[in-house]
Amino acid sequence: MQISSRFTLAVHIFACIDVFGKDHKVTSSLIAESTNVNPVIIRKILLQLKAAGLVNVARGSGGTTVAKPLSEITFLDIYRAVECIENGELFHFHENPNADCPVGRNIHRILDDKLERVQAAMERELASITLEDVRRDTENYISTGAVAD
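What you see is a predicted model; the values in this text were computed from it and never measured.

K.L.:
For this particular structure, what's the right way to read the packing of helix α1 (residues 6–20) against helix α4 (residues 75–82)?
P.N.:
The relative placement of two packed helices comes down to the angle between their axes together with the axis-to-axis distance. Here α1 crosses α4 at 125°, and the two axes come no closer than 9 Å. Taken together, α1 and α4 sit at an angle that is classed as oblique. Crossing angle aside, the handedness with which α1 passes α4 is right-handed. Residues Arg6, Phe7, Ala10, Val11 and Phe14 of α1 touch α4, and the partners they reach there are Phe75, Ile78, Tyr79 and Val82.

Below, the structure is given as C-alpha cells:
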C-alpha cells in the first residue's frame, strides 16, 4: 500500500504558494493548473492544511498564504495534516487473526515492535526535511531551466 498522493500534492501546493504568491493570488484554480488535479481536491487538501495551522485561506478568491516560515514546516507536519492514519499508526493490522492458529495468535507480538520501528524511522526522516529545502530545490531547478527526466 502506498501513501496517498495527498502528501505530494500538499508539498506541490506549498511550492506553488512560494513561487506564485509573490505576483499572484494563489487560488485553488491556479494550484489545480500546476498539479493537473481537480480544484475540488485541492480545496480539500487546503482545508486540511488550514486545520493544521500550516496555511491561511481567504474565502472566495482571496488566495492562500503560508502560515509560518517554510523553515518551520516539516514534511512530517504536512504528512500528519493530510494523511488519514488511525490512532497515529501507519500500519493497519487485519482485524481478526485466527487465535487458534499459532501464527495468527502471535502475529501482533511478531510484528508490532518491528512496524513501530519502521514508522519511527520514517517519521524521523520526514521531520528532517523542511519546506525551506523544497524552496531551495525549486529555485535551483527553475533558475537552471531543468526539465524532468
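K.L.:
Quick question: what am I supposed to make of helix α3 (residues 39–51) here?
P.N.:
Two residues of an α-helix separated by three or four positions point the same way, owing to the 3.6 residues in each turn. The end-to-end C-alpha distance of α3, which contains 13 residues, comes to 18 Å, matching closely the 18 Å that a straight helix rising 1.5 Å per residue would cover. Taken together, the buried positions of α3 are Ile42, Ile45, Leu46, Gln48 and Leu49. Within α3, the buried residues cover an arc of 160° as seen down the axis, which keeps them to one side. Within α3, the exposed residues directed more than 90 degrees away from the buried face are Val40, Lys44, Leu47 and Ala51. Sitting at the head of α3, Asn38 places a side-chain oxygen 2.8 Å from the backbone nitrogen of Val40.

So, how was this worked out
- Residues numbered from 1 in each chain as written.
- Predicted model: local features only at pLDDT ≥ 70, side-chain atom pairs only at ≥ 80, totals over all residues.
- Heavy atoms only, no water.
- Axes fitted to C-alpha atoms, helices over the stretch in contact; angles between N-to-C directions.
- Helix = DSSP H or I, 4+ residues; strand = E, 2+ residues; numbered from the N terminus.
- Parallel < 35°, antiparallel > 145°, perpendicular 65-115°, else oblique.
- Left-handed = near helix turned anticlockwise from the far one by under 90°.
- Contact = heavy atoms within 4.5 Å.
- Expected span 1.5 Å × (residues − 1).
- Buried < 20%, exposed > 50% of the residue type's maximum accessible area, 1.4 Å probe, protein only.
- Arc of directions from axis to C-beta.
- Polar contact = N/O pair within 3.5 Å; in protein donor to acceptor, adjacent residues only side chain to side chain.

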